[in-house]
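Results of the structural survey
Here is how the chains run, residue by residue.
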Amino acid sequence: MLKRLGYPSLEQVKSCFPQQDVLLKPKAIIECYEAIPCNPCETSCPVHAITIGQDINHRPQLDVDRCTGCGMCIHSCPGLAICVVSLKQDQAIFKIPYEFLPLPHVSDVWHGVNRAGEVIAPVKILEVRSTPIQDHTHIVTVAIDQQYLYDFITIRSPHE
Amino acid sequence: MKAFYVMILALKVVNHVRIHKHPILDFPEKKVIHFTFNGQPQIGHEGDTIASALHALGFKELSKSIHHKRARGFYCAIGNCGSCHMRVNHVSNIKTCITPLEEGMIVELEEGLGRIT
Amino acid sequence: MNQREVIIIGSGPAGLSAAGILLRAGAHVAMFERSPLIGGQLIKQTHKFFGSQKQYAKTRGYDIAKKLYRDIEAYQDHFELHLEATVVAIYPDRVISVYRQGVYQKYQAQAIIIATGASERLLSFPNNDLPGIYGAGAVQTLMNLYGVLPGKNAVMVGSGNIGLIVSYQMMQAGVNVKAVLEAAPNIGGYKVHASKLRRLGVPIMTQTTVKRAIGMTAIEAIETIRLDEKWQPIEDTETTIPIDTLCISVGLTPMHQLLSMAGAEMRYISELGGCVPHMSSAHETSIRNIFACGDVTGIEEASSAIVEGQFIGLIVSERLGYALEGYHLLKHECTTELGILRCGPFGEKIRLGQQKLKGGSSCSND
Ligand SMILES: Cc1cc2nc3c(=O)[nH]c(=O)nc-3n(C[C@H](O)[C@H](O)[C@H](O)COP(=O)(O)OP(=O)(O)OC[C@H]3O[C@@H](n4cnc5c(N)ncnc54)[C@H](O)[C@@H]3O)c2cc1C
Ligand code: SF4
Ligand code: SF4
Ligand code: FES
């Protein structure tokens, strides 16, 4: 599916998530399914929660206990394959990378989009972070209904 | 009649816009450069090549194939393929995709092989 | 004739890295670059590079070019840069002919490093010469260097990394990418790049190709057709997509012309993208003191081009009698690094190609 269509199956997605109770604290979700020569996620993590190793073709392994959810790996990943997720009551809070214009504003309501590019549900914009170190990869924090935990991946402007 | 042509020109301009806002790159306003294309005055920007300026104006046809006179646009933009050869300042076979646009340039479409000057 | 110590042809990551080491060692370097800008493929790359952090991964391509250039800027008195200067011929005894703004000039050097990179392959289908059909590199040049949109509605042919990345860049610039077509049953490039595009709503259509382009003086639409497992067109599966931009990204092939002209022994290796020079382990071609590095020796990545460039810089500096501190260690590091970059599944093609290069049939070149 991933090979033919460009997006993973639900099982593949779920394999990247820890148990839901772990997500009461924010954790990185790394969707890097292939052995590719790449390692900035590993080298950017301040607490060494991601391991790839000497052979940079290995897939990244996350030590969930170590991960603080700081989000440094989000904008460091050239594949935009990492987001940080936590659960809060009935909401899932996502920090996602975003490289398009226009940028959303805090408290806007935008479209939540799934991995196939379809609009699934409204999301509320909670924060837009754009520090120089992120180098134009903005990090947008959004809240979406928890039932979309394994579906949501990005946002789209409702004014398109 | 004249108004009609102005309209077409305007349409072309909207069709092939220059990028003003880009999530990664900055495209600041640039100095204007005047040149002529097939005898008509045109405007490009500093930093343009001849081909990029023409493209921004909506002129996609840069040359004609030698035998069948088929329209050719640019293809590689790095001087490899030759499909952007034009007559520039009366010199034939100039690769317009890698030739920087200069003030007062005379750019013309060329039919056939072009003359060796 | 103009004499120079080392001549480097091409200012991509391979050429720049070679220059960096040579200058550090104390050599005099003259670099010739066809384009008005320095950096080769890097300058039009607006995405963050994947690869190893050691070769500037997670840095955007144009910034990598700046960083590599910064390394050599400090040696201005040893370094001579010729832009808009195309090397058009190479003769025996390491003599080159350079064309620059209507003037031809000859240079001779003690060593020449050829780092001319690659050119894009063409795809044949009816009307493939219509204006509005471009190589992916041309679209990038137009958008990312000149700030001009190629059109409004586009289709990309080819789902390798370049096809996927350039499609994403078109979306960023405001072009509507209607589809990516791929003749093979599977997406060619990294799936992280495919997913990035897919979530924008861009369909990636595998086992599908262009049947023909439609239009008179510019492209107006394309007709696509589905292919079966044996890559044969399936009847009655044609679909027409109205577009004004068709972008072709079906692979690169090494720019071997200068090497062939020099009389270097060449081999045709499909895994490496075409005609490549047969080289010693020191990356020296069959002609003494002519070296080659980067995509011209086989299509790969900027990360490997950087390391290869550094490696050749070391070899050439030693050949010319400069002893760079830590020479052996640095050389060893380069070899290890290249091994690591090529050891994964995506490096298999390169490994196979290099195996073949050692044996392999010779290339009937033009
Ligand atoms: C869209 C795209 C995305 C990519 N993404 C990545 C990535 O994420 N990570 C990664 O590691 N790699 C990536 N690459 C690959 C990388 O850009 C190339 O492998 C690398 O640039 C090759 O370096 P090079 O120095 O060999 O050649 P080039 O960068 O092609 O440079 C060759 C230079 O030689 C000049 N030249 C050629 N002939 C002559 C002549 N006769 N006279 C004078 N000058 C001449 C050319 O103008 C050019 O400037 C990407 C490539 C593309 C196209
Ligand atoms: S979110 Fe922070 S701590 Fe967690 S893996 Fe990423 S960089 Fe490391
Ligand atoms: S940086 Fe991103 S693409 Fe690269 S290995 Fe890590 S998760 Fe995968
Ligand atoms: S477009 Fe190919 S040489 Fe100019």
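Everything numeric here is computed off the predicted structure, so don't read it as measured data. (Residues numbered from 1 in each chain as written. Chains lettered and ligands numbered in written order. Predicted model: local features only at pLDDT ≥ 70, side-chain atom pairs only at ≥ 80, totals over all residues. Heavy atoms only, no water.)

Next up on the list: the domain arrangement of chain C. Residue and element names in this part refer to chain C. Segmenting chain C into domains produces domain 1 (2-119 + 252-357) and domain 2 (123-248). Using only C-alpha atoms to locate each centre, domain 1 and domain 2 end up separated by 31 Å. Listed per partner, the contact involves ten residues of domain 1 and 14 residues of domain 2. Overall, the association of domain 1 and domain 2 removes approximately 1,000 Å² of surface from exposure, summing both partners, and the carbon and sulfur fraction of that is 63%. It is K44, F50 and F346 in domain 1 that bury the most area against domain 2; as a group they hold 50% of the surface buried on that side. (Domains from an automatic or database assignment. Contact = heavy atoms within 4.5 Å. Buried area = accessible area lost by both parts, 1.4 Å probe.)

Glancing now at the nonpolar core. Soluble globular proteins tend to pack their nonpolar side chains together in the buried interior. Formed by 80 residues in total, the largest nonpolar core has its most connected members in F94 and I155 of chain A, F35, L54 and F74 of chain B together with M170 of chain C. Top contributing element to this core by residue count: helix α4 (residues 161-173) of chain C, with six residues. In contact with F35 of chain B, other than residues within four places in its own chain, are Q40, P41, Q42, I43, G44, A53, L54, L57, L101, E102, M105 and V107 of chain B. Judged by nonpolar contacts, the second largest core, of 46 residues, contains V6, A18, L23 and F79 of chain C. (Core = buried A, V, L, I, M, F, W, Y, C linked by side-chain atoms within 4.5 Å. Buried < 20%, exposed > 50% of the residue type's maximum accessible area, 1.4 Å probe, protein only. Helix = DSSP H or I, 4+ residues; strand = E, 2+ residues; numbered from the N terminus.)

This part is about the packing of aromatic side chains. According to the stated counting rule, one finds eleven aromatic pairs over all chains in the structure shown. Within the aromatic cluster, the residues linked to one another by ring pairs are Y98, F100 and W110 of chain A together with Y168 of chain C. When the ring centre of Y91 of chain C is taken as reference, the NZ or CZ atom of K106 of chain C above it lies at 5.0 Å. (Phe/Tyr/Trp six-rings, centres within 6.5 Å; stacked < 30°, edge-to-face > 60°. Lys NZ or Arg CZ within 6 Å of the ring centre and 35° of its normal.)

Before going further, it helps to spend a moment on the site of ligand 1. Residues and elements named next belong to chain C. The environment of ligand 1 is made up of 34 residues, and the closest members are E33, Q41, V87, D295 and E301. Between ligand 1 and D295, the relevant distance is 2.7 Å, taken from an oxygen atom to a main-chain nitrogen or oxygen of the residue. Taking 1,000 Å² as the accessible area of ligand 1 by itself, protein coverage stands at 94%. Broken down by secondary-structure element, the contributors of at least two residues to the shell around ligand 1 are α1 (13-25), β4 (86-91), α4 and α7 (302-319). Looking at side-chain class alone, the shell around ligand 1 contains 16 nonpolar, 13 polar and five charged residues. Split by domain, the shell around ligand 1 shows at least three residues from each of two domains, domain 1 (2-119 + 252-357) and domain 2 (123-248). (Near = heavy atom within 4 Å. Polar contact = N/O pair within 3.5 Å; in protein donor to acceptor, adjacent residues only side chain to side chain. Areas by Shrake-Rupley, 256 points an atom, 1.4 Å probe, with all protein chains shown as cover. Nonpolar A, V, L, I, M, F, W, Y, C, P; charged D, E, K, R; others polar.)

Turning next to the pairing of strand β15 (residues 245-248) of chain C. Residue and element names in this part refer to chain C. Residues T245 and C247 point to one face of β15 and L246 and I248 to the other, with burial holding for every one of them. Taken together, the three bridges between strand β8 (residues 133-135) and β15 define a ladder with parallel strand orientation. By the bridge assignment, Y134 is partnered in β15 with C247. Pairing analysis gives four bridges linking strand β9 (residues 153-157) to β15, with the strands arranged parallel. (Pairing = 2+ DSSP bridges.)

Another aspect to go through is the side chain of T209 of chain C. Mapped onto the elements of the fold, T209 of chain C is located in strand β12 (residues 208-214). When sequence neighbours within four positions are dropped, the list of residues in contact with T209 of chain C reads L181, E223, T224, I225 and L227 of chain C.

Turning our attention to the interface of chain C and chain A. Between chain C and chain A, the residue contacts involve 37 residues of the former and 41 residues of the latter. A buried area of about 3,300 Å², summed over both sides, lies between chain C and chain A, and 53% of it is on carbon and sulfur atoms. By the criterion of area lost to chain A, the three top residues of chain C are K48, R198 and R199 of chain C, representing 21% of everything that side buries. The interface formed by chain C and chain A holds three salt bridges in total. In this structure, R60 of chain C and E99 of chain A form a salt bridge, with 3.1 Å as the shortest nitrogen-oxygen distance. Taken together, the links from chain C to chain A amount to 22 residue pairs in polar contact (both at pLDDT 80 or more). Of all the secondary structure elements, the ones that give two or more residues to the side of chain C that touches chain A are α4, α5 (191-198) and α8 (327-341) of chain C. Residue contributions to the side of chain C that touches chain A peak at seven residues, all from α5 of chain C. Looking at the side of chain C that touches chain A residue by residue, the classes come out as 17 nonpolar, twelve polar and eight charged. (Salt bridge = Lys/Arg side-chain N within 4 Å of Asp/Glu carboxyl O.)

For sheets, the rule is that strands pair by backbone hydrogen bonds, running either parallel or antiparallel. Residue and element names in this part refer to chain C. Spatially, five strands are ordered β8-β15-β9-β10-β11 in an open sheet, and the strand pairing comes out parallel. Among the strands making up the open sheet, the edge pair consists of β8 and β11 (204-205). Where β9 lies against strand β10 (residues 176-181), five bridges are found, and the strand directions are parallel. Looking across to β10, one finds that M156 is bridged to V180. Contacting β8 and β15, helix α3 (residues 136-145) runs over the sheet at an angle of about 90 degrees to β8. (Axes fitted to C-alpha atoms, helices over the stretch in contact; angles between N-to-C directions.)

Here the focus is the pattern of salt bridges. Under the definition given, this model contains 22 salt bridges over all chains. For the salt bridge of R66 of chain A with D63 of chain A, the shortest nitrogen-to-oxygen distance reads 4.0 Å. Of the residues examined, R66 of chain A reaches a relative accessible area of 45% and is grouped as partly exposed. The shortest N-O distance in the salt bridge between E80 of chain C and R4 of chain C comes to 2.8 Å. Here E80 of chain C, found in strand β3 (residues 79-82), pairs with R4 of chain C, found in strand β1 (residues 2-9); they are 76 residues apart in sequence, far enough to count as distant. Of the residues examined, R4 of chain C reaches a relative accessible area of 24% and is grouped as partly exposed. Bridged by salt links that share partners, the residues K211, R212, E223 and E238 of chain C form one connected network.

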